Amino acid sequence: MQRCEITGKGIAFGNQISHSHRVTGRVWKPNLQSTKIVINGNLVKVKVCTKTLKSLKGANETEVMQILKANSNTLSERLRKILSK
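Below, the discussion takes up the pattern of salt bridges. This structure, assessed with the given rule, holds 2 salt bridges. A salt bridge links Glu 5 to Arg 78, with the nearest nitrogen and oxygen atoms 2.9 Å apart. Residue Glu 5 is located in the segment before strand E1 (12-17), and its partner Arg 78 is located in helix H3 (residues 77-84); the two are separated by 73 residues in the primary sequence. Owing to a relative accessible area of 38%, Arg 78 belongs among the partly exposed residues under this scheme. A salt bridge links Glu 77 to Arg 80, with the shortest nitrogen-to-oxygen separation between them at 3.7 Å. Taken together, the residues Glu 77 and Arg 80, both in helix H3 and 3 residues apart, mark about one turn of the helix. A relative accessible area of 53% places Glu 77 in the exposed class. In this structure Arg 80 comes out as partly exposed when scored by relative accessible area, which is 34%.

Rendered as structure tokens:
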């Protein structure tokens, strides 16, 4: 399933309504991009949404750690294991 590894943003569900007001289900998927970030001196490949990627762009290692700590309750299990090392 598509999910941002930092913010936890995932698939959103809703209805598409036509001009004649016929209702069908539809899905909005997050715009995920693969990127590499430095955590505790190690290069880690993660999938993040573009909004998160924009905040990570140009950030040094301490700023990345602050972003990860701010989103500690939504981090993926893989990132939690890497941070606990």
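Anyway, onward from the coordinates.
With that settled, the discussion passes to the pairing of strand E4 (residues 42-49). Bridge analysis of strand E3 (residues 32-39) against E4 gives 8 bridges, and the strand direction is antiparallel. Note on E4: the bridge partner recorded for Lys 36 is Lys 45. As consecutive antiparallel partners, E3 and E4 are separated by 2 residues, and within that stretch Asn 40 has a phi angle of approximately 55°, a positive value.

Within the secondary structure, Val 38 sits in strand E3. Val 38 sits in the partly exposed class, given a relative accessible area of 31%. As for Val 38 and Ser 18, which are separated by 20 residues in sequence, their C-alpha atoms are 46 Å apart.

Time to look at the nonpolar core. With 16 residues, the main nonpolar core has Ile 6, Ile 39, Leu 68 and Leu 79 as its most contacted residues. For this core, the elements supplying multiple residues, two or more each, are E3, E4, helix H2 (61-70) and H3. The contacts of Leu 68, once residues within four sequence positions are left out, are Ile 6, Ile 39, Leu 75 and Leu 83.

A few words on the environment of His 19. Tracing the backbone shows His 19 in the loop between E1 and strand E2 (23-28). For His 19, a relative accessible area of 85% puts it in the exposed group. Separated by 10 residues in the primary sequence, His 19 and Lys 9 have C-alpha atoms spaced 30 Å apart.

Analysis parameters
- Residues numbered from 1 in each chain as written.
- Predicted model: local features only at pLDDT ≥ 70, side-chain atom pairs only at ≥ 80, totals over all residues.
- Heavy atoms only, no water.
- Salt bridge = Lys/Arg side-chain N within 4 Å of Asp/Glu carboxyl O.
- Helix = DSSP H or I, 4+ residues; strand = E, 2+ residues; numbered from the N terminus.
- Buried < 20%, exposed > 50% of the residue type's maximum accessible area, 1.4 Å probe, protein only.
- Pairing = 2+ DSSP bridges.
- Core = buried A, V, L, I, M, F, W, Y, C linked by side-chain atoms within 4.5 Å.
- Contact = heavy atoms within 4.5 Å.

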